[in-house]
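Coordinate analysis (summary)
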Amino acid sequence: MRKKLWLRFQRYRKNIGYIGILICVIFSYTLLMDSVPDKMYVEYGKQPDYSFGIPMTESVVDSAQVFANQQADRGPDIHMSGQDQAGKPGAYQVVCKLFGVLPFKQISVQEVGKKELLPAGTNVGIYVKNQRIMIIGTGEVTDESGSKSEPAKNVVKSGDFILEVDGEKIKTKDQLVKKIAFSNGDKMELQLLRDGEKINVSLTPVMSREGLYQLGIWVRDDIAGVGTLTYVTDEMEYGALGHGVTDADVGNLLNVKKGFIYQTTILEIHKGKRGQPGEMAGMINYNDEYKLGSIDENTNVGIYGTLTCLPQELQDAKKLPVTYKEGIKKGKAQIISSVEGDRKAYDIEIESTNYHSEGNNKGIQFRVTDKKLLEDTGGIVQGMSGSPIVQDGSIIGAVTHVFISDSTKGYGVFIENMLER
């Protein structure tokens, strides 16, 4: 009996050992895959380093076919070299082999021409007009008798977009207010866009004690704030923020109808502390003479448009080359910001990079080491989003987020993600 129990225990221990080995192998394989990007950009004519600190070799496959397939997929600002340069294809696949034997991943490599950008780091005021009216919440209406009701409760949701009222297209808050005011209290049919699907709902306005018909919904059709310009091209095209303009109440990316960036003056800085990010409070002058340019696109990796004039702080600034994610190293770097009023470089330490960052704007993790910046702001504050990150004289990305638990730490987006959007 004892012998049987002992043999059973030995088998059990052996099985546990096998499971442990299997878990270690899976974990190691996952780390290995995450250490190598799925896609990378290489400056034309340069020999790239594919090692990524891993004992592996690489071989190029199907370069001509890959080039033909990818010609239509290139980004607007990332230009492939193409077969017109020395007859060589501009894109290819690289097979990575661990220890030169075990194939474990393919990298899509795209050759690009040498690119230089003007690193900005200047604060700008942002004004965006939404293409649709967004519902951000519901509220009570107090009628003439003092009774309270909430006619829109459980009918509409935060994040719904209002498309039509009684069959008429509605594009502004003013149009909506007028439509409700002249409803005579009759039931109204609203067409909404919810999670990409059009739905119809009915609401009955209530006469408020102020003598106005109301539906008890809070709406927004524009947004304003302060951010940072990241880069400017030779064609006066710019990228900024490193993340999209979203509605603070519902988190939805705004559909831009029209938008502009303006010169802004930072009035004060609220320092960040543990659990509470700081912020910059600025004054935006919306007169045309202070307008810097248009906002043409709002994406999850930044806003884009064309400048009508170069900010004064950038008149003597020099262009810097672009370095793509595979060239980023752990260690010293700088962020350029006008948080003190003047455009300056502040020291940071890059702690890690994530080639597969979810959402495309948290690929760089860094820590602020600059004593002056820590003293003035406590680290990264709201409004610094878009500040260019520079390492070894090259632009590598832009600041996007601050750690809520630690304002000395932040995330950045890879510059190629902003360029290819």
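In this convention, every chain numbers its residues from 1, walking through the sequence in written order. A pLDDT threshold of at least 70 governs which residues receive local features in this predicted model, and a stricter bar of 80 or more applies before side-chain atom pairs are shown or counted, although totals over entire chains, interfaces and linings include all residues. Each side-chain value is derived from all of the structure's non-hydrogen atoms; neither hydrogens nor water enter the calculation.

Another point: the overall build of the protein. Check the secondary structure of the protein and you find 5 helices and 29 strands. A total of 421 residues make up the protein; the buried ones form 43% of that total. A contact between two residues is defined here by any heavy atoms of the two lying within 4.5 Å. Residue pairs in contact within the protein that sit at least 24 positions apart in sequence constitute 68% of those at least 6 positions apart. Accessible surface for the protein amounts to roughly 22,100 Å². Of this, 49% is attributable to carbon and sulfur atoms. Per the convention used, a helix needs a DSSP run of H or I reaching at least four residues, while a strand needs a run of E reaching at least two, with both numbered from the N terminus. Residue burial is assigned from relative accessible area. The probe radius is 1.4 Å, only protein chains are included, and a residue is buried under 20% of its type maximum, exposed over 50%, and partly exposed in between. Using a 1.4 Å probe, accessible areas were evaluated by the Shrake-Rupley method; residue-level cover was limited to the displayed protein chains.

Our next topic: the environment of Arg274. Structurally, the position occupied by Arg274 is in the loop between strand E17 (256-270) and strand E18 (278-284). Residue classification places Arg274 among the exposed residues on the basis of a relative accessible area of 71%. Arg274 sits 134 residues away from Thr408 along the chain, and the two C-alpha atoms are 9.3 Å apart. Contacts of Arg274, omitting those with residues within four sequence positions, involve Ile404 and Ser405.

Pairs of strands are assigned from DSSP output, requiring at least two bridges between the strands. One closed barrel holds the 6 strands; their spatial order is E23-E24-E25-E29-E28-E27, and the pairing between them is antiparallel. The mean angle between the axes of side-by-side strands here comes to 45°, regardless of whether they run parallel or antiparallel. Sheet analysis places strand E23 (residues 331-337) next to strand E27 (residues 388-391), joined by 2 bridges and oriented antiparallel. Residue Gln334 lies in a different strand from E27, and its bridge partner there is Val390. Think of each axis as a best-fit line through the C-alpha atoms, taken over the contacting stretch in the case of a helix, with angles from 0 to 180 degrees between the N-to-C directions.

Within the secondary structure, Lys344 is located in strand E24 (residues 344-353). A relative accessible area of 35% means that Lys344 is categorised as partly exposed. A C-alpha to C-alpha distance of 9.4 Å links Lys344 and Thr122, two positions 222 residues apart in sequence. Not counting chain neighbours up to four residues away, the residues in contact with Lys344 comprise Ile335, Ile336 and Ser337.

Unlike most non-glycine residues, Met236 shows phi in positive territory, near 70°. Looking at where Met236 falls in the secondary structure, it is placed in the loop between strand E15 (217-232) and strand E16 (237-240).

When E23 meets E24, the two strands line up antiparallel, connected through 7 bridges. Bridged to Ile335 within E24 is Tyr346. The antiparallel pairing of E23 with E24 creates a hairpin that spans 6 residues between the two strands, and Gly341 there sits at a positive phi of about 105°. Alignment of E24 against strand E25 (residues 364-368), held across 5 bridges, turns out to be antiparallel. If you follow Ser352 over to E25, its bridge partner there is Gln365.

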